Amino acid sequence: MLYTLEQVLANRPPLITIRHDASLLDAFKVLIERRFGQLPVVDETGRIKGVVSQQAILGVYYLTDGQVPLFDLAVVDCMDQAQTVSLQDDLLSAVDLLRDRGVYAVIISQEDRPVGILTGKDMSIWFQSLFEGILLVERIERRLGSALRMAFPDEDAYTKALINVYGADKRDPGKPQRDGKNLSLTDMVYMIRDDGGWPFFAPWFGHRDYFRVLMDAVRAVRNDIAHFRGHTDMLEMDTLRRAAIWLESRVAQVSADTGESPAHLQTLARVIGGRKPVVCTAPDVLLRQALRPMIENLYGQLPVTDEHGHLLGMISQQSILRTYYHTDGAVNLLDLPVTHCMEPVTILHMDDDLFKAANILAQSGEYAPLVVEDDKPVGILTGKDMTRFFRSL
């Protein structure tokens with residue numbers, strides 16, 4: 001069975017909620033201090049009533065043209081309907097909701113009471129370790145496959161080795177029972193450590209028992225990942241990294257001699273390739289003009305560029321609300337240039353590894369690093385993007 005939401009929430013701190021009749025100032029304090037994008041809203045009995053978000057608050061601010069002091073409002077004035085799932089549902093039920101346009105948080109409930117919240121950022125962190133493990137297994141499989149091809153470089157030798165290990169096809173004795181093009185990790189390990197095959201591999205792998213024990217540990221972790229047996233922990237990930245490094249160090253020189261290239265890394269080009277041009281704003285544009293495309297398109301942020309399209313910084317829902325909070329709402333921000341709310345932004349490049357991006361998104365306060373080419377924005381990477389990408393895998 002796929003991971004349950006109860007597994008996903010394991011070891012998390014208690015959920016922070018806010019009452020529907022609390023002041024919006026109270027919500028501001030939590031959103032700003034903890035860098036949350038949204039808060040579950042509950043009634044006096046603790047039952048879920050909705051969600052208050054940075055997006056909803058900014059929408060109210062824009063629609064009232066900045067004329068209504070936000071701190072005079074109650075939470076219920078900016079509350080949206082909550083997207084909810086049950087604690088007993090599986091992970092993909094929440095992920096599929098998060099893929100929908102405009103949905104940035106899913107509330108996990110039990111008996112109508114919120115017990116957890118999942119965002120694109122949470123999913124990015126969760127899937128990061130899961131798919132990092134899968135890609136490490138792929139690196140190991142590629143290296144084992146290379147070793148097999150180097151030990152048995154021609155088709156006849158490879159076919160003979162397959163027959164020696166797995167037996168001949170009953171209908172065609174000249175063919176092996178196993179298709180050599182689709183061997184699993186376990187198949188390759190058994191073939192390498194087979195009594196008849198090991199002499200071909202001993203010069204590269206050295207100690208047979210070391211190979212056996214290490215590969216058995218890899219297979220155990222791989223099976224846990226494939227069958228969703230809990231979340232991959234740090235020691236299990238270290239097993240995969242250790243095995244990948246060891247195999248690559250043992251087989252690297254021989255691989256180079258055969259012209260084999262290293263395993264291809266997953267890059268950001270695969271995640272954001274083919275997208276429409278990034279919507280940007282200029283530094284002297286008034287915030288009311290910049291907010292309009294953000295609200296209409298449900299954007300969480302906009303890059304700020306100069307007249308040549310070069311990146312200057314970023315404005316975001318959070319940077320705008322933080323500015324409002326720290327000025328006590330005394331100034332109508334809509335009449336100011338966006339530079340008053342502009343912040344620095346983390347930079348990535350199209351050829352950066354996917355997990356470099358995932359590691360950045362996992363950091364506190366990081367929500368949308370920019371992907372640039374020639375100092376010009378070509379993409380924005382958010383937890384929602386990563387959720388969609390990992391879900392497609």
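Please refer to the structure placed before this passage.
Below or above, wherever it landed, is the structure these notes cover. Quick caveat, the model's predicted, so the values are computed rather than measured.

The rules behind these values
- Residues numbered from 1 in each chain as written.
- Predicted model: local features only at pLDDT ≥ 70, side-chain atom pairs only at ≥ 80, totals over all residues.
- Heavy atoms only, no water.
- Helix = DSSP H or I, 4+ residues; strand = E, 2+ residues; numbered from the N terminus.
- Buried < 20%, exposed > 50% of the residue type's maximum accessible area, 1.4 Å probe, protein only.
- Contact = heavy atoms within 4.5 Å.
- Areas by Shrake-Rupley, 256 points an atom, 1.4 Å probe, with all protein chains shown as cover.
- Core = buried A, V, L, I, M, F, W, Y, C linked by side-chain atoms within 4.5 Å.
- Axes fitted to C-alpha atoms, helices over the stretch in contact; angles between N-to-C directions.
- Parallel < 35°, antiparallel > 145°, perpendicular 65-115°, else oblique.
- Left-handed = near helix turned anticlockwise from the far one by under 90°.
- Pairing = 2+ DSSP bridges.
- Salt bridge = Lys/Arg side-chain N within 4 Å of Asp/Glu carboxyl O.
- Phe/Tyr/Trp six-rings, centres within 6.5 Å; stacked < 30°, edge-to-face > 60°.
- Lys NZ or Arg CZ within 6 Å of the ring centre and 35° of its normal.

Before going further, it helps to examine the overall build of the chain. Looking only at helices and strands, the chain has 15 helices and 12 strands in total. Dimensions of the chain, computed from the C-alpha atoms along their principal axes, are close to 85 × 55 × 35 Å. Across the 393 residues that make up the chain, the buried fraction comes to 45%. Across the chain, every contact between residues at least 6 apart in sequence was considered, and the portion connecting residues at least 24 apart equals 64%. Looking at the chain as shown, the accessible area adds up to about 19500 Å², and 50% of this sits on carbon and sulfur atoms.

The next point concerns the nonpolar core. Counting residues in each nonpolar core, the largest one holds 72 residues, and the members touching the most others are I140, L144, F201, F205 and M215. The biggest single contributor to this core is helix α5 (residues 120–151), with 14 residues. Excluding residues that lie within four positions of it along the chain, M215 makes contacts with I140, L144, V189, A243 and L247. By size, the runner-up hydrophobic cluster in this structure holds 33 residues, among which are L31, L302, I315 and I320.

A word on the environment of M123. Assignment of secondary structure puts M123 in helix α5. On the accessibility criterion, M123 (0% relative accessible area) is buried. Placed 93 residues apart in sequence, M123 and D216 show a C-alpha to C-alpha distance of 30 Å.

For the pair helix α3 (residues 54–63) and helix α12 (residues 287–297), the least separation of the axes is 11 Å and the interaxial angle reads 130°. Classed by the angle they form, the pair α3 and α12 counts as oblique. Once α3 is placed against α12, the crossing between them reads as left-handed. Contacts between α3 and α12 involve L58, G59 and Y62 from the former and R288, L291, R292 and I295 from the latter.

Right, let's talk about the sheet that holds strand β10 (residues 347–349) for a bit. Note: strands within a sheet are paired through backbone hydrogen bonds, in either parallel or antiparallel orientation. Read from one edge to the other, the open sheet built from 3 strands follows the order β10-β11-β12, with strand pairing classed as mixed. Each of the sheet's edge strands pairs with one partner strand only, and the pair in question is β10 and β12 (376–380). Sheet twist, expressed as the average angle between the axes of neighbouring strands with direction ignored, equals 45°. Looking at chain direction, strand β11 (residues 370–373) and β12 are connected through 4 bridges and run antiparallel. Its bridge partner being in β12, V372 is matched across the sheet by P377.

What follows concerns the pattern of salt bridges. Opposite charge on two side chains lets them pair, provided their charged atoms get close. As enumerated under the stated definition, the model contains 16 salt bridges in all. Notably, a salt bridge pairs D122 with R12, separated by 3.5 Å at the nearest N-O pair. Of this pair, D122 sits in helix α5 while R12 sits in the loop between α1 (5–8) and β1 (18–19), and the two are 110 residues apart along the sequence. For R292, the salt bridge goes to E296, with nearest N and O atoms at 2.8 Å. Within this pair, R292 and its partner E296 are both found in helix α12, separated by 4 residues, close to a single helical turn. By relative accessible area, R292 is classed as partly exposed at 46%.

Our next topic: the pairing of strand β7 (residues 113–119). The buried fraction of β7 is high, at 5 of 7 residues. Count of turn residues in the strand β6 (residues 105–110)/β7 antiparallel hairpin: 2 residues, of which E111 carries a positive phi of about 55°.

Further remarks concern the environment of E33. Looking at the secondary structure, you find E33 in helix α2 (residues 24–33). Look at E33 and you get exposed, because its relative accessible area is 63%. Measuring from C-alpha to C-alpha, the distance between E33 and R322 comes to 9.5 Å, with 289 residues separating the pair along the chain.

Residue placement: Q54 occurs in helix α3. Other than its neighbours up to four places away in sequence, Q54 contacts F36, G37, Q317, Q318 and L321.

Time to look at the pairing of strand β3 (residues 48–53). Judged from the 5 bridges that link them, strand β2 (residues 38–42) and β3 form a sheet pairing that is antiparallel. Considered in β3, the bridge of P40 is made with V51. Joining the antiparallel neighbours β2 and β3 is a turn of 5 residues, in which G46 adopts a positive phi near 90°. Sheet topology note: the β3/strand β4 (residues 79–80) ladder contains 2 bridges and is antiparallel. Of the residues in β4, the one forming a bridge with V51 is D80.

Following the criterion strictly, the structure yields 16 aromatic pairs and no others. Measuring from centroid to centroid gives 6.3 Å for F28 and Y325, while their planes differ by 10°, and the two rings are stacked. Placement of F28 in helix α2 and of Y325 in helix α13 (residues 317–326) is noted, with a sequence separation of 297 residues between them. The buried category is assigned to F28, whose relative accessible area is 1%. Taken together, the ring pairs connect F152, W198, F200, F201, W204, F205, Y210, F211 and W246 into an aromatic cluster. Geometry around Y367 places K121 over its ring, the cationic atom sitting 4.8 Å from the centre. The ring of Y166 carries R178 above its face, with NZ or CZ at 4.9 Å from the centroid.

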